[in-house]
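# Coordinate analysis (summary)
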Amino acid sequence: MSKNAYCMLVAAITACGGLLFGYDVGVISGALLFLGPKFGLSDHAQEVVTSAVLVGSFIGALGAGWFTRRFGGRVANILAGGIFIIGSLASARSDSAQVLALSRLLVGLGIGITSVAAPLYVAEISPPHRRGLMITLFQLFITIGILASYIIDLAVAPHWRLMFGIGALPGIVLAVGMWMMPSSPRWLAGRGRIVEAQSVLDRTLPLEEAKRAMHDIQADLESQKSAPQWWQVYRSHPVTATGAQLQGWPAFRSRAARRALFITASLAIFQQFIGINSIIYYAPKIFQKAGFVDNSSALWATIVVGFVNVIATFITIGMVDRVGRRALLVWGLTGMIASLAILGFAFMSFDAAQVAQTIPAAVANASGDVLSPRDLPHTQEGMLTLAWLTLLCIVAYIACFAFSMGPLVWVLIGEMFPLQARGSGNAIATGANYFANFMVGATFLTMLSKFGAANTFLLFASIAVLNLLFVLFFLPETAGRSLEEIERQLGEATPAEA
Ligand code: BGC
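Residues numbered from 1 in each chain as written. Predicted model: local features only at pLDDT ≥ 70, side-chain atom pairs only at ≥ 80, totals over all residues. Heavy atoms only, no water.

### What to know about the confidence of the model for the chain
- The predicted model of the chain has a mean per-residue pLDDT of 83, with 86% of residues at 70 or higher.
- Confidence scores differ between elements of the chain, with helix 10 (residues 230-235) showing the lowest mean pLDDT of 39 and helix 11 (residues 255-273) the highest of 95.
- This model gives residues 227-246 a pLDDT under 50, and the stretch forms 43 contacts once residues within four places in sequence are excluded.
- Low pLDDT (under 50) marks residues 358-377, which in the prediction has 29 contacts with non-local residues, meaning those over four places away or in another chain. (pLDDT = per-residue confidence, 0-100. Helix = DSSP H or I, 4+ residues; strand = E, 2+ residues; numbered from the N terminus. Contact = heavy atoms within 4.5 Å.)

And the structure:
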């Protein structure tokens, strides 16, 4: 097998972690339709069942930092696959809301671990010029997982146990596939297993480059030997420019590690606060509000969204290592701002028209169910325009997300941290992403009923503006540089100079 094909195989197997993540994000919306009545779940109980996964992911992501440092990305991914299989089967067999919530927590633990361990493992094993592409496969598999869950929900309904059970399949591929993969060269070298590390590098890089890479890794490890212990660091040791001279948590006293943490955690939070999962989770409801009144056209419109999400990720696969991270982010965010703003103003003008026409009906409908088709714009023509405009804007928004903030947040989290801060930094940034995801998921419906769709979308648009400014002012370009070069770059230069 050629070196390139081998690299892609490693990346594809690891990216099955993304498949777990995506499948689970999507599957719950369909399953809830049947679970709710079966277990007599109140709205609150449904929220608990839904968010148990995010709580599990948050805990899993934080724990994964330590685990990956200690046992390596390969073992962490095998563990994640195993936990996910048990959680999926337990969800499928659960006979009460409590057991279901606990099983979903377990599923979340698996997702949290793999979303730290997979990009990290891939970043450590890929050649620099293909790293962006290889980590982007992780996001591609997230989007495929979401689309697959939408389609499977539609195909196997009302058999919710089957919907959950099918989730075990990508878990099996991840656990068994990773079992057959090598450990990452950086992890092996850190354990003194130099010969094995060199042989992994030889399988992924041209021989000269493999030698150079080994040299870089060893130099990095060498500089850690003289590292101060944490008590020395906190007492009097001067803070050095690279994280390599510090170990574990004190690595965050280095400029490179702190900047990496600031940039990646902020982007991870922005990724959720620009509203992506409000669309992913609630697309059918938004479409109903906009005028695709019956269930089936709303579900079909949702499948269109899932499909566009997959296709647009290919743009990043083709371009991330050529045009760079910054350019893709700037284009994508600009597109997202435009589509959210148009969506906001469209809902605003239709809401205004509707209020003028239907004040008595609005009063009668003050149940807080703002997404009910009852409060749609009341003229046929208006409904049609809003429905298609909404579909168009949401498709544009998803496409722009899918080639920018979607994949690139995971790429940057995987590649920006210095070796010593890599496990912990990755875990904190990923944990922040899940926490923000949880917050948006838990508040979106309330925001819609309190502030209305128009203001909610305009709020997301304003956050996207801040996100764009953040990228322009704080994010250095990392494309084509080795992990060691990125560490030096973050330690030395200001973003503007980098
Ligand atoms: C985000 C997920 C989101 C998905 C949508 C990922 O990058 O982290 O929260 O559901 O993209 O494709």
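Back to the text.
### A look at the site of the ligand
- The environment of the ligand is made up of 14 residues, and the closest members are Gln139, Gln271, Gln272, Asn277 and Trp410.
- Within the side chain of Asn277, an N or O atom sits 2.6 Å from an oxygen atom of the ligand.
- At 3.0 Å from an oxygen atom of the ligand is found a side-chain nitrogen or oxygen belonging to Asn309.
- Because more than half of its atoms lie within 2 Å of the grid, the ligand is assigned to the largest cavity. (Near = heavy atom within 4 Å. Polar contact = N/O pair within 3.5 Å; in protein donor to acceptor, adjacent residues only side chain to side chain. 1 Å grid on protein atoms, 1.4 Å probe; cavity = no way out; pocket = protein on both sides within 12 Å on 5 of 7 lines; lining within 4 Å. Sits in = over half its atoms within 2 Å of the grid points.)

### Regarding the packing of aromatic side chains
- Within this structure, the stated rule accounts for 15 aromatic pairs.
- Between Phe58 and Phe435 the ring centres are 5.8 Å apart and the planes differ by 45°, which places this aromatic pair in the tilted class. Remark: Phe435 occurs in helix 18 (residues 422-474) and Phe58 occurs in helix 2 (residues 43-93); sequence separation between them is 377 residues.
- Each ring, one from Phe347 and one from Phe457, has its centre 5.8 Å from the other, and the planes form 35°; the classification is tilted. Of this pair, Phe347 sits in helix 14 (residues 325-357) while Phe457 sits in helix 18; the two residues are 110 residues apart in sequence, bridging distant segments of the chain. Judged on exposure class, the residue Phe347 and its partner Phe457 are both buried.
- Cluster of aromatic residues (ring-pair linked, three or more members): Phe21, Phe138, Trp410 and Tyr434. (Phe/Tyr/Trp six-rings, centres within 6.5 Å; stacked < 30°, edge-to-face > 60°. Buried < 20%, exposed > 50% of the residue type's maximum accessible area, 1.4 Å probe, protein only.)

### Notes on the side chain of Thr136
- Here Thr136 is to be found in helix 4 (residues 131-156).
- Filtering out sequence-adjacent residues up to four positions away, Thr136 remains in contact with Thr313, Thr316, Ile317, Val320, Pro407 and Val411.

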